[in-house]
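# Results of the structural survey
Single-letter residue listing:
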Amino acid sequence: MALTPAGLLAQAAEAASQSTVSIPSYGSFPAPGSRVAIWVAAQVHLFFAAFVLGVPMFAVVAEAIGIFGNDSKYDKLAKEFTRLLLVSYSATAIWGAILSFGLITLYPGLWNYLARIFAPSMWVYVGLFFFESFTLYLYYYGWERWHDGRAKLMHWSLGILLNVWGTAVMFIANSWLTFMMSPPAEVMPDTAPEMVRFWSAFANATWMPINVHRMIANVVFGGAIVGAYAAYRFLTSKTDEERAHYDWMGYVGNMIAIGALIVLPFAGYYLGREIYEYNQQMGITMMGGFMSWAWIIQAFLIGVLFLAGNYYLWVGMGRIPGAERYMPYTKWMLVVLVLGVIVWATPHTMIANRDELAAMGGTHHPFLGVLGVMSAKNTAVNLMILTTFLSFLLYRRANKRTVVPWARTGTMIQTAIFVLAAAIVLFYGVYGYFVTAIVRIGFSVYQVLAVLAAIGGVVTLDIMIMRGAESYGAIRWGQMPPRSQYALFILAVTFTWLMGLMGFVRSGIRQHWHIWEVMRDTSEFAATPPLGYAAQVISWCVVIFLGLVGFIFWVGSLAEKPIMSHPRQDSLPSTDSRLASAPTGN
Amino acid sequence: MWQTNLKILLVVLGTLGLYTWVASAIPQVASEVPEELTFSDDVTADDLVMAGEQLFTGAGTCTACHGTGTRAPNLLTDHAGEGTIGQRCGTRVSGLDCKAYLQTSLAEPAAFVVEGFAEMVFQARAFSDAQIWSLVAFMQSQGGEVTVTSDDMERADDAAATSAPAEPSGGSPVAASQTTDARVLLQENLCLGCHAIDGAGPPLGPNFDDIGGARTADQIRRGILDPNVDAAPGFDAMLGMMPATFGQSLSAIQLEAIVTFLAARK
């Protein structure tokens, strides 16, 4: 847009006369009120959006493994992922429309203000959404037609393109919501929207951290929902072949979810740091203010995720010949995880009134205060990550017999790496009690680096040690106790609820501002509710989402049933052939 | 089949119920909207203290830092053997009584930083004068004598109305007039509504990022005090836009702080 001084003056004069920042207007919504209506619409839309953005990422990876690894079962898996995507897509759009209409009718002042700044990106959003939809249709419905050779590569390219459109759509929507959190410093309450520079508002301080965090979280979420879907299909399977397929699918979903979850805290750290950099008061409100208890709830939920994810793996070892030799270790891993959760969920600096301070005998609880500090928490969570990685490693090695002559030495080196990493984590954890806070914060970096280096080193060694490994026997896919599948449901519910909780935290730290320190919320719902109230709303959102997902998947399965009853021999490998190819496929 | 579905339903609802119960069982803290306060001439110390306490423990979110003992000095309990805030506020800075010390600390968080702590994170501009004075009264009440009266608020109102410079007694407007931090001043005086800084902002006036290279300190000072005499190169069309009131609204120290800051940006 060409800007001339005269044009700018005219714009300024017009904008000043049109400024709508100070007095937003509101519509009304019958019980439970406008805020909850918008909250539910936004949250359910976000659940679906996360699913339809996360699933294409691993669908396209699974298809690539199928193409380049020449393994048709991955291709089938990718197609099944995409089918789930297809049926969820319209629900995403419907809830997006509900959210938009809700904003227009219930929060017209805010909507008008945002639209005046972001109108160009809204049109681009619609265009990209259009492209994304049609790319998805081509990707799914062209699966069988473009099945071989160069056509298959072109089909895979469509999958990549689908991810590009989806990610771009998410980035645009993220700019709108992050602007509400972190508007540029030059935007003041009396700045007319037309005077706000578009790119400055678009690429605001928390935009990229949210983009990164959401991309990873979407993969976690998609993996968990796919895992739950597979668990349901497993439990209701009528044939061994179906059961074997969905057992394997559940395993892949869980591996994706837990694997990406391990990376997610680093993205969260990046986001938190940017929030502090943008506005320290907002950061303190988030971590130590009225939101501080949310992190205790988060620790509890992540503890459940670690426990359920590991439990699923440990139970799964029962179907792997050769895994018996690792089973005695699981109880010790369980001890580490439980202790880790207890430490991580210990409250530290909470808002306390004078009576509570007196009751504690000081600013910290005499016993819990020692465990509640970051030194202890960082140590706990890093040891939990190491333990979960060990579970994956044992699972991966369970049915393999090494043949390389230096295997024993290699395993001892791997053990030494584990011990060294744990020792570094513990050392800095204890040392952290004897240094100042600013030094202590730096220790968390050493702890994380020790864990990441250990994961990288051990995996590299493991690939080399397992070269040419013999099998103790094929994994008995499908021979999984039903209780393991309920762990997958718990994972999905917990991920979904956790996403709702973190959404509440992110949005709630704006407190009584629609746009932080620019546009006040002057409605009757301006106060931010306590966690108990938020928990009820989040639970309702999860119930609505899972109910709809269940219905959508059931509808999708209606069309598929005849195929499953009469499987095509070339597209559905027999149990025997799957077993033959499965041993090293984990 | 229905048994499986029932089990799944129970697991899902049970998990949701557990999380909802845990979140409801912990202490429930909401973030209230700071109430607009208006006090009559005969407002009592108790009224002020009560309003201040509500703000301190509620919407002001003061307890997020004051009370933990790690982020900020304890105010309601002893700190460093000096007693509660009401007991120690009068002796913190030589020549400043308790009321002036507390009010200045709120208006200018960088003015008197307690040793061992960072500058207070407090957005004074988000609070009204009445709210700030009620906070001062509440803190005085913690072991000291409440000396805040309606006169303090009237003085603040008068000062705000005339945009007068700060008074040493502490009865000045809160957010805009006392600080000598150039960046804060640029923001409070809405300079950044027209001038870009740090690569961001509208291009209605000369960019602050390199203004020191193009203009001398004298030229910058003259440009602030009498902005409509000479236009900066390339901004002839903007002549007349910038208010010519900063000579009255800024103190000499504040003006020099801005001039020094801008002249150094080359």
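### Topic: the overall build of chain A
- Across its full length, chain A carries 19 helices and four strands.
- Within chain A, the proportion of its 586 residues that are buried is 46%.

### Topic: the overall build of chain B
- Each helix and strand in chain B was counted, giving 11 helices and zero strands.
- In chain B, the succession of α and β elements from N to C terminus is α-α-α-α-α-α-α-α-α-α-α.
- Within chain B, buried positions represent 42% of all 266 residues.
- Sequence separation of 24 or more characterises 59% of the internal contacts of chain B that already satisfy a separation of 6 or more.

### A word on the packing of helix α8 (residues 240-278) of chain A against helix α9 (residues 280-287) of chain A
Residues and elements named next belong to chain A.
- Running from N to C, α8 and α9 cross one another at 135°; their axes reach a closest spacing of 5 Å. Between α8 and α9, the crossing angle belongs to the class labelled oblique. Within the contact between the two elements, α8 uses Ile275, Tyr276 and Tyr278 and α9 uses Gln280, Met282, Gly283 and Met286.
- Tallied by class, the residues present in the contact of α8 with α9 amount to five nonpolar, two polar and no charged.

### Here we look at the nonpolar core
- Grouped together as the largest cluster of nonpolar side chains are 168 residues, with contacts concentrated most on Phe81, Val220, Leu491 and Phe495 of chain A.
- Residues in contact with Phe495 of chain A, not counting those within four places in the same chain, are Val220, Phe221, Ala224, Ala257 and Leu305 of chain A.
- Listed in part, the 32 residues of the second largest apolar core include Leu55, Cys98, Ala100 and Met139 of chain B.

### Some points on the confidence of the model for chain A
- When pLDDT is averaged across chain A, the result is 85; 87% of the residues are at 70 or more.
- For the stretch residues 562-586 of chain A, pLDDT sits under 50, and the model shows 25 contacts to residues farther than four places along the chain or on other chains.

### Brief notes about the confidence of the model for chain B
Residues and elements named next belong to chain B.
- Here chain B averages 78 in pLDDT, while 83% of its residues score no lower than 70.
- Here helix α6 (residues 150-162) stands out as the element of chain B with the lowest mean pLDDT, 67, in contrast to helix α1 (residues 2-25), whose mean of 93 is the highest.
- Below a pLDDT of 50 lies the segment residues 163-177, which in the model reaches 39 contacts outside its immediate sequence neighbourhood of four places, other chains included.
- Model confidence for the complex: the whole-complex pTM is 0.75, and ipTM, which rates the interface, is 0.85.

### Observations regarding helix α17 (residues 482-508) of chain A
- Taking 1.5 Å of rise per residue, the 27 residues of α17 of chain A would be expected to cover 39 Å, and the 39 Å separating its terminal C-alpha atoms lies within 8% of that figure.
- By the criterion of burial, α17 of chain A is predominantly enclosed, with 19 of the 27 residues buried.

Scoring rules and cut-offs
- Residues numbered from 1 in each chain as written.
- Chains lettered and ligands numbered in written order.
- Predicted model: local features only at pLDDT ≥ 70, side-chain atom pairs only at ≥ 80, totals over all residues.
- Helix = DSSP H or I, 4+ residues; strand = E, 2+ residues; numbered from the N terminus.
- Buried ≥ 20, exposed ≤ 12 C-beta atoms within 10 Å, placed from the backbone.
- Contact = placed C-beta atoms within 7 Å.
- Axes fitted to C-alpha atoms, helices over the stretch in contact; angles between N-to-C directions.
- Parallel < 35°, antiparallel > 145°, perpendicular 65-115°, else oblique.
- Nonpolar A, V, L, I, M, F, W, Y, C, P; charged D, E, K, R; others polar.
- Core = buried A, V, L, I, M, F, W, Y, C linked by C-beta atoms within 7 Å.
- pLDDT = per-residue confidence, 0-100.
- Expected span 1.5 Å × (residues − 1).

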